[in-house]
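# Coordinate inspection notes
What follows is each chain in one-letter form.
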Amino acid sequence: MTARCISVSVHQPVGRTHAVNPGWEALWRAPAEVFLQMNYNMLQDQQLVENGIMPHIQQFFRGEEVSIPPISYDTNTVEGLASKAGGSVWVCSYGVPVRDAPDGFEGVLFQFAVPEAAEIQHKYEALIEEQRTLQASLEARNRELEETVRLIAAQRDAIQAMSVPVIRIADGVLCLPIVGMIDDARASTLLERLLEAIAAQQAAQVLLDITGVPTLDARAAAQLVGAASAARLLGASCTLVGVSPALAQTLVELGIDLGGLDTAATLAEGLTRALSTRRGSAQRSAARALERGERGEAQRSAAQPRGDAPSRRR
């Protein structure tokens, strides 16, 4: 108990400390007299609960030998020792019961300073901080990647919309120039935009220009035929223009049936045919309107009452 190289404290079974040695004062840099007058109770020390060693302390006060792992204990948080002790100290502890005490047993606690534990704790805290910084960086990077993905998706949608422009080239005549390959996603966009334009502009003629399509397989041809069929349901007829000799040969070799879809070699030919059909329709409409007007006039004349007929001579 007189040694200064090791901290020794003696505790009652109820958790109170009733004796400490000079080594205790040297370790904790606190006056023993002040500490013993505080009536300190280890079983009620909240800091030991927070450090996670209270189960070891309870085992110690049940009269069992315990080995307590290193902890950092701050004496400035103990009421009565604040500003009178040395502050935070890293220690490891070993407790043993003494059986011949008047109360049945006393708990003797040996405590050792562990200076390297402070360095370990510092490295651990630095590692935790580095991990937090890395986590924050990863989260920021993920947000950037998500924003990039959204931007790419928006650009892809814009490019798809631009890749299937529906152009009004005359009253009731639309042209849909297609450049590049026709896949399922693009075919769906093509059909959607085409039907929207037909309905909005009440178009009667649609030119599907595939001059910029390098090749046309059976699936793509079926998608074009489907688009033409859907357009017919809205009252518009479609003409496939820009069929190159190589493309025509491919369609023949594959045995692809365009389903009676009208074709034209060039856009100019398709446009001339569409405008001619449009003029013919307009003339027929005007003729029918004139015919209806003349027929209505005749019916009105027939409906008027006639005057007295002149008398005949006998």
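Residues numbered from 1 in each chain as written. Predicted model: local features only at pLDDT ≥ 70, side-chain atom pairs only at ≥ 80, totals over all residues. Heavy atoms only, no water.

This model, assessed by the stated rule, comprises six salt bridges. Across the pair Arg132 and Glu129 runs a salt bridge, and its minimum N-O distance is 4.0 Å. Taken together, the residues span about one helical turn, with Arg132 and Glu129 both in helix α5 (residues 115-163) at a distance of three residues. Arg132 sits in the exposed class, given a relative accessible area of 56%. For Arg141, the salt bridge is made with Glu144, and the minimal N-O distance between the two is 3.3 Å. Residue Arg141 and its partner Glu144 are located together in helix α5, separated by three residues, close to a single helical turn. On the basis of relative accessible area, Arg141 is assigned to the partly exposed category, the value being 47%. (Salt bridge = Lys/Arg side-chain N within 4 Å of Asp/Glu carboxyl O. Helix = DSSP H or I, 4+ residues; strand = E, 2+ residues; numbered from the N terminus. Buried < 20%, exposed > 50% of the residue type's maximum accessible area, 1.4 Å probe, protein only.)

With that settled, consider the sheet that holds strand β1 (residues 7-11). Reading across the sheet, the five strands line up as β2-β1-β5-β4-β3 and stay open at both edges, with antiparallel pairing between neighbours. A single partner strand is all that each edge strand has here, and the edge strands are β2 (17-20) and β3 (66-74). Ignoring which end each strand starts from, the neighbouring axes of this sheet average 30° apart. Inspection of the sheet shows β1 paired to strand β5 (residues 106-113) by five bridges, in the antiparallel sense. Within β5, the position partnered with Val8 by the bridge is Phe110. (Pairing = 2+ DSSP bridges. Axes fitted to C-alpha atoms, helices over the stretch in contact; angles between N-to-C directions.)

This part is about the side chain of Ser93. Within the element layout of this structure, Ser93 appears in strand β4 (residues 88-98). Classification of Ser93 by relative accessible area gives buried; the value is 7%. Those residues in contact with Ser93, other than ones at most four positions away along the chain, are Val66, Ser67, Ile68, Leu109, Phe110 and Gln111. (Contact = heavy atoms within 4.5 Å.)

Structural measurements only, silent on function.
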